[in-house]
Amino acid sequence: GTGRQLTATMKTVHKVLSAIRRRAMNIGPEYPDINHLLHELRGQALERLEFGAEHLVSVGCAGRWYFDWIEERFGKVAHHTGVEFYSPRPEDLPSNCSWIANTAGNMPEIFDASADVVISGQNVEHLWPDEVTGFFLESHRILKDGGKLIIDSPNRLVTRAIGWSHPEHTVEFSPDEAVELCTLAGLEVEKIEGIWLTIDPETKHPLPFEEMSRFGPWPQHKRTSAALGDPENSFIWWIVAAKTERKPDPEKLSKRMSEIFAAAWPERLARTKTLIGKDSSDGKWMSSQGATGVLLFGPYTPLKKGSYSATCLIRVAKIPEDTQRILCSCDVVGGDPLEVFHQREVAGADLLPDLENEISLPFVLDKTTFGIQFRMITQQPVEIYCAREVRLDAAATEDAASCANPEDRNLPTP
């Protein structure tokens, strides 16, 4: 017993001395990649909370590790309810935990005013508009008076600026939009912080997103501390809101959510990239400059089950003499493993010189599919211009209630 106590004491001393050394040298611990750092910073935000809970509800808990993480960083609670639709129930849940297989916007199994805290971490950006509205309304319903909603998510002001995409994200929200949605749901924001400064607040230029340097003008510890008071320039915003006596306004909440989505969705589709291209002066077109290869790919977005038509805009200054020669191919791909949903080869005869030529790519998805990409690949050393934004139109789809796959419920047409 004495030996184990001594070992534990030595470990504690070593941990304290290491922390003092890092602080003295103005460096942070090593992290394998940016995702590990962000996860650690979110855990630290949980530890800074000054309240506990008897009943805690986690929305979007993806495994046993999540329950362990909450207990380690927030503290053990008498009753921890996890709500998750897309991951299977862990077989080894702790005795104080329960599992509800349902979506974020639909939690009828939880009684009114029964939860002290609702946590939704990195979740709302995965939802479609009616699910977001449902989530906020359900959070207000299940919280006790004065109960807290803890929510964090990537900041669209930043993801847009750095062209960052996640294959399962619909749209992200700005900090102001998140506060507005909370208010319309009858919640009052008590705290808003940032996690990982990604835009220089003075120059407004993006900082290297994955750079966790110990030195330089923006070392890791400085980016971490500066983010706390600057959510607008941080990659993640972190909000703590309390349930008030003010009733939610479902109509205004739904309308505002639709407005946000309508404005953000086209920009989401424009987050394309290039391997060989050069941006035009207005940033809306890319030129191959006669190189062959992938001129356009992305934006890695989810789409629900349904019928669609993607339209790429292509422009060439001069059509080769051999008009039957294939100049490029356009396709729609996605899923894991990668699947081709439509592919079209474009010859010189299909294009008119010095005009915006529309290349239509109709396709059908039989289930919700993640990581959808639109690609344009040049095959001849001819200068070709391609618009960065791909227009996406949705055809008539089955009614959501009749979808064969339960995962397609409540997913409106973009």
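A few points on the structure. Keep in mind that what you see is a predicted model, and the values were worked out from it rather than measured.

A word on the overall build of the protein chain. Looking only at helices and strands, the protein chain has 8 helices and 18 strands in total. Taking all 414 residues of the protein chain together, the buried fraction comes to 49%. Across the protein chain, every contact between residues at least 6 apart in sequence was considered, and the portion connecting residues at least 24 apart equals 77%. Accessible surface computed for the protein chain: about 19900 Å², of which carbon and sulfur atoms make up 51%.

Attention now goes to helix H3 (residues 64–73). Where H3 is concerned, the buried positions are Tyr66, Phe67, Trp69, Ile70 and Arg73. In an axial view of H3, the angular spread of the buried residues amounts to 160°, which keeps them on one side of the axis. Among the structural elements, helix H2 (34–47), strand E1 (55–59), strand E2 (79–83), strand E3 (97–100) and strand E4 (115–121) are those in contact with the buried residues of H3. Gly75 sits one or two positions beyond H3 and adopts a positive phi of about 120°.

Bringing empty space enclosed by the protein into the picture now. Applying the stated rule across the entire model yields 2 cavities of 30 Å³ or more. A volume near 50 Å³ is recorded for the largest cavity. Along its surface, the largest cavity is lined by Phe67, Ile70, Glu71, Gly75, Lys76, Val77, His80, Asn96 and Cys97. A per-element tally of the lining of the largest cavity places H3 first, with 3 residues. Here the residues of the lining of the largest cavity are counted per class, giving 4 nonpolar, 3 polar and 2 charged. Estimated volume of the second largest cavity: approximately 30 Å³.

On to the nonpolar core, then. The nonpolar side chains of soluble globular proteins are, as a tendency, buried together. Among the nonpolar cores identified, the biggest contains 66 residues, and Phe135, Phe136, Phe363, Phe374, Met376 and Leu392 are the most heavily contacted of them. Looking at which element gives the most residues to this core, the answer is helix H8 (residues 250–269), with 7 residues. In this view, Phe374 contacts Leu269, Leu296, Phe297, Gly298, Pro299, Ala310, Asp331, Val332, Phe363, Val390 and Leu392; residues no more than four positions away in its chain are not counted. By size, the runner-up hydrophobic cluster in this structure holds 32 residues, among which are Leu46, Ala53, Cys97 and Val240.

With respect to the helices and strands, the residue Ser120 is situated in strand E4. Residue Ser120 is classed as buried on the basis of its relative accessible area of 0%. The contact partners of Ser120, leaving out residues within four places of it in the chain, are Val59, Phe135, Ile150, Ile151 and Asp152.

Attention shifts here to H8. With 20 residues, H8 should cover 28 Å at 1.5 Å per step; its first-to-last C-alpha distance of 28 Å lies within 8% of that length. The principal kink in H8, of about 25°, is found at Ala263, preceding the proline Pro266 by one to four residues. Residues of H8 that are buried include every one of Leu253, Met257, Ile260, Phe261, Ala264, Trp265, Glu267, Arg268 and Leu269, and no others. In this fold, the buried residues of H8 make contact with helix H4 (129–142), helix H5 (156–162), helix H6 (175–184), strand E11 (299–303), strand E16 (369–378) and strand E18 (391–394).

Quick look at the state of the cysteines now. Evaluated as defined, the whole model comprises 0 disulfides. Left unpaired, Cys312 is separated from the closest cysteine sulfur, that of Cys330, by 4.7 Å.

Cut-offs applied
Residues numbered from 1 in each chain as written. Predicted model: local features only at pLDDT ≥ 70, side-chain atom pairs only at ≥ 80, totals over all residues. Heavy atoms only, no water. Helix = DSSP H or I, 4+ residues; strand = E, 2+ residues; numbered from the N terminus. Buried < 20%, exposed > 50% of the residue type's maximum accessible area, 1.4 Å probe, protein only. Contact = heavy atoms within 4.5 Å. Areas by Shrake-Rupley, 256 points an atom, 1.4 Å probe, with all protein chains shown as cover. Arc of directions from axis to C-beta. 1 Å grid on protein atoms, 1.4 Å probe; cavity = no way out; pocket = protein on both sides within 12 Å on 5 of 7 lines; lining within 4 Å. Points joined across faces, edges and corners; volume = space filled by probe spheres on them. Nonpolar A, V, L, I, M, F, W, Y, C, P; charged D, E, K, R; others polar. Core = buried A, V, L, I, M, F, W, Y, C linked by side-chain atoms within 4.5 Å. Expected span 1.5 Å × (residues − 1). Bend = angle between axes of the 7 residues up to and from the residue. Disulfide = S-S within 2.5 Å.

These results come straight from atomic positions and should not be treated as a statement about function.
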